[in-house]
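One-letter residues, chain by chain:
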Amino acid sequence: MIIVGVVNNMQDSALRTTERQFRDLIKAAAGGRAVRVKFFSIPELPRGRKGRAYVDTHYSDVSAIAGAGLDGLIVTGTDPQGHVLVEEPYYRPLTQLVDWAEEHTASTVWSCLAAHAAVQHLDGISRQRFPQKLAGVFGVGPIAQHPILKGMPARWTMPHSRHNTVPAEALDAAGYQLLSTADDAGPDMFVRQVKSLFLFVQGHPEYDAGALLREYRRDVGRFLAGERERYPDMPSNYFDDAAVAAATEFRELAIRTRDPALLDRFPFAGSGEGMAHPWSRSAVQLYSNWLSFLEDRRAERAGRRQSSGAATQ
């Protein structure tokens, strides 16, 4: 059995959704493999009463990760509290996790903000902030050959949702291998192979069809509540023409009449049911390749133990 750990760092409002997204993706990617998923939480993350109660009941503290027998690890991003990454309350626990994963996993996936924290810690590569949030579904193309990309199409699509990026030039200079790049979004995936294969993913293959819509609605709500000054841009390449027209009409109303109560008139179902999900097949292929890598490393370790045992008899 392959054992995968997921350190879920998402804020309370997205905690259970992110858990479900990764469970569903790993289940779809497993195929005939036996895979067990264990969830962990970093205690330094700011949480409300309900969020804290949920992780205390359903998750293990990240301090227990060393005894969990993991083959691989996935570390999610989170909603940043400020602009300076190293000042975030969870930055130091994340760097400790980077050091542990380097020594004790066959491979770790660092997602979005977790990827930014990892490269900052490993090689001093600072993320760069976009003028405005990058959100949407972008065309992606491979720029290298790697087993993680086995069976991927010549081009695929991937959702991205982030305020920051890491520059390709800095990654290349530090010895990272860039695997794919996204139109208008820069580096999509890159790897660093030392003792563990670190896979850094700036996009969100785990997203379900409605994830970008729910984030957009949340950001609209923040504008209406006065928590942000600028009305959010709608996700790129995500809405069809009718949805763009409806979103544009609501935007004009929201800017004229800035009232939190208007969110009840947001023109889309809150779940995003019925939205297109074109990245699903590529996401499953990507994680199937990752699980194959973990399976191969587990078999290699078992073979070495057998050889060592035979040699001592």
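Residue positions are counted from 1 within each chain, in the order its sequence is given. Owing to the predicted nature of the model, reporting of local features is limited to residues with pLDDT of at least 70; listing and counting of side-chain atom pairs is limited to 80 or more, with chain, interface and lining totals taken over all residues. Hydrogens are left out, water is left out, and the side-chain values use all remaining heavy atoms of the structure.

Engineer: Explain the overall build of the protein chain to me, using residue names and the numbers behind them.
Structural biologist: By definition, any uninterrupted DSSP run of H or I lasting at least four residues is a helix, any uninterrupted run of E lasting at least two residues is a strand, and each is numbered from the N terminus. Counting secondary structure elements, the protein chain contains 8 helices and 10 strands. The C-alpha extent of the protein chain, read off along each of the three principal axes, is 80 × 45 × 40 Å. Here the protein chain holds 313 residues, and 52% of them are scored as buried. The contact definition used throughout considers only heavy atoms, calling two residues in contact when any of these lie within 4.5 Å. In the protein chain, of all internal contacts separated by at least 6 residues, the share reaching a separation of at least 24 is 73%. Methods summary: accessible areas were calculated by the Shrake-Rupley approach with a probe of 1.4 Å, and residue burial reflects only the protein chains presented. For the protein chain, the accessible area works out to roughly 14,700 Å², and carbon and sulfur atoms hold 49% of it. If the 36 positive side-chain charges of the protein chain are averaged to one point and the 36 negative ones to another, these points end up 5 Å apart. Note on classification: 1.4 Å probe, protein chains only; a residue is buried when its accessible area is under 20% of the maximum for its type, exposed when over 50%, partly exposed between these limits. As used throughout, the charge tally considers Lys and Arg to be positive and Asp and Glu to be negative, leaving His and the chain termini uncounted. A single reference atom marks each charge: NZ on Lys, CZ on Arg, CG on Asp, CD on Glu.

Engineer: Could you give me a rundown of the pairing of strand β9 (residues 186–193), with the residues and numbers involved?
Structural biologist: Counting buried residues along β9, 6 of its 8 residues qualify, which places the element largely inside the surrounding structure. Strand pairing is assigned whenever DSSP identifies at least 2 bridges connecting the two strands. Pairing of strand β8 (residues 177–182) with β9, which is carried by 5 bridges, proceeds in the antiparallel orientation. Bridge assignment links T181 to a residue of β9, and that residue is P187. Counted along the chain from β8 to the antiparallel partner β9, the turn is 3 residues long, and its residue D184 has a positive phi close to 65°. When β9 meets strand β10 (residues 197–201), the two strands line up antiparallel, connected through 5 bridges.

Engineer: Can you lay out the layout of surface pockets for me, pointing to particular residues and giving the numbers?
Structural biologist: Cavity and pocket criteria rest on a 1 Å grid covering protein atoms alone: a 1.4 Å probe that fits but cannot get out defines a cavity, protein on both sides within 12 Å along at least 5 of 7 lines defines an open pocket, and an atom within 4 Å of a point defines a lining residue. Grid points are joined across faces, edges and corners, and a volume is the space filled by probe spheres set on the points. There is about 1,000 Å³ of room inside the largest pocket. If you trace the largest pocket, you find 48 residues lining it, with D79, K133, S161, E215 and R218 closest to the centre. For the lining of the largest pocket, the secondary structure elements donating two or more residues are α1 (12–30), α4 (113–123), β6 (128–142), β7 (156–165) and α6 (211–224). All amino acids are sorted into three groups, where Ala, Val, Leu, Ile, Met, Phe, Trp, Tyr, Cys and Pro are nonpolar, Asp, Glu, Lys and Arg are charged, and the leftover types, Gly among them, are polar. Taken together, the residues of the lining of the largest pocket break down into 15 nonpolar, 18 polar and 15 charged.

Engineer: I'd love a proper account of the packing of α6 against helix α7 (residues 241–256), names of residues and values included.
Structural biologist: In a pair of packed helices, the angle between the axes and the distance between the axes together describe the arrangement. Between N-to-C directions, angles cover 0 to 180 degrees, with each direction set by a line fitted to C-alpha atoms, over the stretch in contact for helices. Viewed as axis vectors pointing N to C, α6 and α7 meet at an angle of 15°, and their least axial separation amounts to 11 Å. One finds that α6 runs roughly parallel with respect to α7. Regarding α6 and α7, the two cross each other, and that crossing is right-handed. Residues Y216, V220, F223 and L224 of α6 form the contact with α7, whose participating residues are A247, F250, A254 and I255. Counted by class, the contact of α6 with α7 contains 8 nonpolar, no polar and no charged residues. Roughly parallel means an angle under 35 degrees; roughly antiparallel means over 145; roughly perpendicular covers 65 to 115; every other angle is labelled oblique. Handedness of a helix crossing follows the sense of rotation of the near helix relative to the far helix, less than a right angle counterclockwise being left-handed and clockwise being right-handed.

Engineer: Could you give me a rundown of the pattern of salt bridges, with the residues and numbers involved?
Structural biologist: Whenever Lys or Arg places a side-chain nitrogen within 4 Å of a carboxyl oxygen from Asp or Glu, that contact is recorded as a salt bridge. Taken as a whole and judged by the stated rule, the model has 20 salt bridges. Between R298 and D71 there is a salt bridge, with the nearest N and O atoms lying 2.9 Å from each other. Of this pair, R298 sits in helix α8 (residues 280–312) while D71 sits in the loop between β3 (60–61) and β4 (72–75), placing them 227 residues apart in sequence. According to the relative accessible area criterion, D71 is buried, its value standing at 2%. One salt-bridge network, held together by shared partners, links D79, K133, E215, R218, D219, R222 and R228.

Engineer: Can you lay out the packing of aromatic side chains for me, pointing to particular residues and giving the numbers?
Structural biologist: Centres within 6.5 Å make a pair out of two Phe, Tyr or Trp rings, where for Trp the six-membered ring is used; the pair is then stacked when the planes are under 30 degrees apart, edge-to-face when over 60, and tilted otherwise. All told, the structure shown has 15 aromatic pairs when counted by the stated rule. Ring centres 5.5 Å apart and planes at 70° place the aromatic pair Y176 and F200 in the edge-to-face group. Of this pair, Y176 sits in the loop between α5 (168–173) and β8 while F200 sits in strand β10; the two residues are 24 residues apart in sequence, bridging distant segments of the chain. Among the residues examined, F200 registers a relative accessible area of 0% and is labelled buried. Each ring, one from F250 and one from F266, has its centre 5.5 Å from the other, and the planes form 85°; the classification is edge-to-face.

Engineer: Pulling in residues and values, what's your account of the sheet that holds strand β1 (residues 2–7)?
Structural biologist: Overall, mixed pairing links the 10 strands, which are arranged β3-β2-β1-β4-β5-β10-β9-β8-β6-β7 in an open sheet. Edge positions in the open sheet fall to β3 and β7, since each of these has one partner strand only. Lying over the sheet, α1 contacts β1, β2 (35–41) and β4, oriented at roughly 160° with respect to β2. Contacting β1, β4, β5 (107–111), β9 and β10, helix α3 (residues 91–104) crosses the sheet at an angle of about 160° to β4.

Everything listed here is a matter of coordinates, which is why it stays silent on function.
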